[in-house]
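Listed below, chain by chain, are the residues.
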Amino acid sequence: MIYKLEIANFYSVREPQVIDLTVGRKVPEEPGRLVNIHDGSEDRAPRVIAIYGANGSGKSNVLRAIAFLSWFVQFSFEHRTRTPLPYQKFLTASSSSAPTKLSLTFAGLEEPLSDGAKKTCPYVYSLELGSRSSGEDRVLSESLHYRPSGSARLVRVFERNGTGSVKVAPWLGLGRELTVLESILRPDASVIATLAQLNNRLALSFIQAASAIDTNILLTRIERNDFDLLTGYARDPELLSALNRDIRRIDLGVDQVQILAENGGPVASFTHTGLDQPIRMIFESHGTQQFFRIYPTIHRALALGGVAVIDELDVAIHPSVLPEILRWFSDPDRNPYGAQLWMSCHAVSLLDGLLKEEVLFCEKVPDGATQIYGLGEIKGIRRDENFLQNYLGGVYGGVPSIG
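Residues numbered from 1 in each chain as written. Predicted model: local features only at pLDDT ≥ 70, side-chain atom pairs only at ≥ 80, totals over all residues. Heavy atoms only, no water.

A. Empty space enclosed by the protein, seen in detail. In the structure shown here, the tally under the stated rule is one cavity of 30 Å³ or more. Considered as a void within the structure, the largest cavity measures approximately 50 Å³ in volume. Sorting the residues of the lining of the largest cavity by element identifies β9 (155–161), α4 (191–197) and α5 (201–211) as the ones contributing at least two each. Of all the elements, α5 adds the most residues to the lining of the largest cavity, at three residues. Along the lines of polarity and charge, the residues of the lining of the largest cavity split into nine nonpolar, one polar and no charged. (1 Å grid on protein atoms, 1.4 Å probe; cavity = no way out; pocket = protein on both sides within 12 Å on 5 of 7 lines; lining within 4 Å. Points joined across faces, edges and corners; volume = space filled by probe spheres on them. Helix = DSSP H or I, 4+ residues; strand = E, 2+ residues; numbered from the N terminus. Nonpolar A, V, L, I, M, F, W, Y, C, P; charged D, E, K, R; others polar.)

Encoded structure:
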């Protein structure tokens, strides 16, 4: 679970923005929706985070920060040298020379030194990126800390400075590997991604955790095409079976989806009630195609206890279907491992069913920079307010200014 995100000088986010989802202890219980962030913690955070704002306000860039950190931890070692990393700074002359700063606080992994008791604890991963005079990206600092059970202070796992020097906790047991690490550590690659090349156990566990962040945000790869999508369904009968269960439940008029082999490749065939012949995917409605495309991301998060990061979840999906998708994340049967959903959307009808702790807003200030704030941060907001009516009336901000 991700419960704190800090962003500065990253795409449209210029000034430091802090998203802290931690819920106060006086907030009423909301089983399945506001959950304990780690073992033994009384602090809670939401499992669903919905980001609202006008077009171009920076909603996607919040999600992009999560996607980029996940990519950097997993794949930066494999990234081609002297090739720009897949991110942008705020596009002004002054920001081009300033560092980009990102930090993610999350829980779900075990505490490193827990005397045999397998307890999860919070971790904080921080990254600061700059540019050489040649324009090449470099890491100015990178660190990973954790907070042991019953402690208020963070403990270092590793810290790395701009020269490539790395300090690690003795219990990490690197020994001579530390010298090897520093010798192969590139200025534009993560310590974690590099340690994974040495088969370090802790690094591999963080790689696995990062891989459980599934998203439709694009960074370095071209858009996921239908061949890859269909191949994924064809190779995973459990995924296809789950799709058929859910696509019937949300009443898209589809009885069954099959993946067939045709002309050397997979094709999707949709059988509908009342029709004598199936329909190919290209002729399906936009809404059915959209659900078919985003379903693997949602299913994988629920199956692994990961994080689904979905930009514009509501595109072409009926407003009555969206609450059902969100409900899956609060249902212990559908979400037994504590998966989380971060999404951007324009479906204001969802506000009728969301808690104020589940809602974020993005708003552009006059100089073009994004400001991010939670509905719960606005003073005087009551839990029983009509969030939909107030949002459309401009009470909370984050709405288009037309004219």
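B. Spatial organisation of the sheet that holds strand β8 (residues 137–146). Ordered by their spatial adjacency, seven strands build an open sheet running β2-β1-β6-β7-β8-β9-β10, and the pairing between neighbours is antiparallel. In this open sheet, the two strands that pair with only one neighbour each are β2 (17–20) and β10 (166–168). Recorded for the sheet is a direction-independent mean angle of 10° between the axes of neighbouring strands. As judged from the six bridges shared by strand β1 (residues 2–8) and strand β6 (residues 100–110), these two strands associate in the antiparallel manner. Bridged to Lys4 within β6 is Thr105. Here helix α1 (residues 59–75) sits on the sheet and contacts β1, β2, β6, β7 (120–131) and β8; the angle it forms with β7, its principal contact strand, is near 95°. Seen against the sheet, α5 touches β6, β7, β8 and β9 and runs at an angle of roughly 100° to β6. (Pairing = 2+ DSSP bridges. Axes fitted to C-alpha atoms, helices over the stretch in contact; angles between N-to-C directions. Contact = heavy atoms within 4.5 Å.)

C. Spatial organisation of the pattern of salt bridges. Under the defined criterion, the tally for this structure stands at 21 salt bridges. For Arg327, the salt bridge is made with Glu324, and the minimal N-O distance between the two is 3.1 Å. You can see Arg327 and its partner Glu324 sitting in helix α9 (residues 322–328), three residues apart, about one turn around the helix. Residue classification places Arg327 among the partly exposed positions, given a relative accessible area of 33%. Shared partners join several salt bridges into a network, and the residues in it are Arg245, Asp246, Arg249, Glu324, Arg327, Asp331 and Arg334. (Salt bridge = Lys/Arg side-chain N within 4 Å of Asp/Glu carboxyl O. Buried < 20%, exposed > 50% of the residue type's maximum accessible area, 1.4 Å probe, protein only.)

D. Representation of the pairing of strand β5 (residues 48–53) within the structure. Taken across its six residues, β5 has six buried, putting it largely inside the fold. Every second residue of β5 is oriented toward a common face, with Val48, Ala50 and Tyr52 on one face and Ile49, Ile51 and Gly53 on the other, all of them buried. Relative to strand β16 (residues 340–344), β5 runs parallel, the two being bridged by four bridges. Opposite Val48, over in β16, you have Leu341 as the bridge partner. Note: β5 against strand β17 (residues 359–364), four bridges, orientation parallel. Across the sheet, Ile51 pairs through a bridge with Leu360, a residue of β17.

E. View of the packing of aromatic side chains. Using the criterion set out here, one finds 21 aromatic pairs in the structure. Ring geometry for Phe10 versus Phe68: centroids 6.0 Å apart, planes at 50°, classification tilted. Separated by 58 residues along the polypeptide, Phe10 in the loop between β1 and β2 and Phe68 in helix α1 bring together distant segments of the chain. Each ring, one from Tyr123 and one from Phe206, has its centre 5.1 Å from the other, and the planes form 80°; the classification is edge-to-face. With Tyr123 in strand β7 and Phe206 in helix α5, this residue pair connects regions lying 83 residues apart in the sequence. According to the relative accessible area criterion, Tyr123 is buried, its value standing at 0%. Its end group placed over the ring of Tyr11, Arg64 keeps NZ or CZ at 4.9 Å from the ring centre. A cation sits over an aromatic face here: Arg334 above Trp328, 4.4 Å from the ring centre. (Phe/Tyr/Trp six-rings, centres within 6.5 Å; stacked < 30°, edge-to-face > 60°. Lys NZ or Arg CZ within 6 Å of the ring centre and 35° of its normal.)

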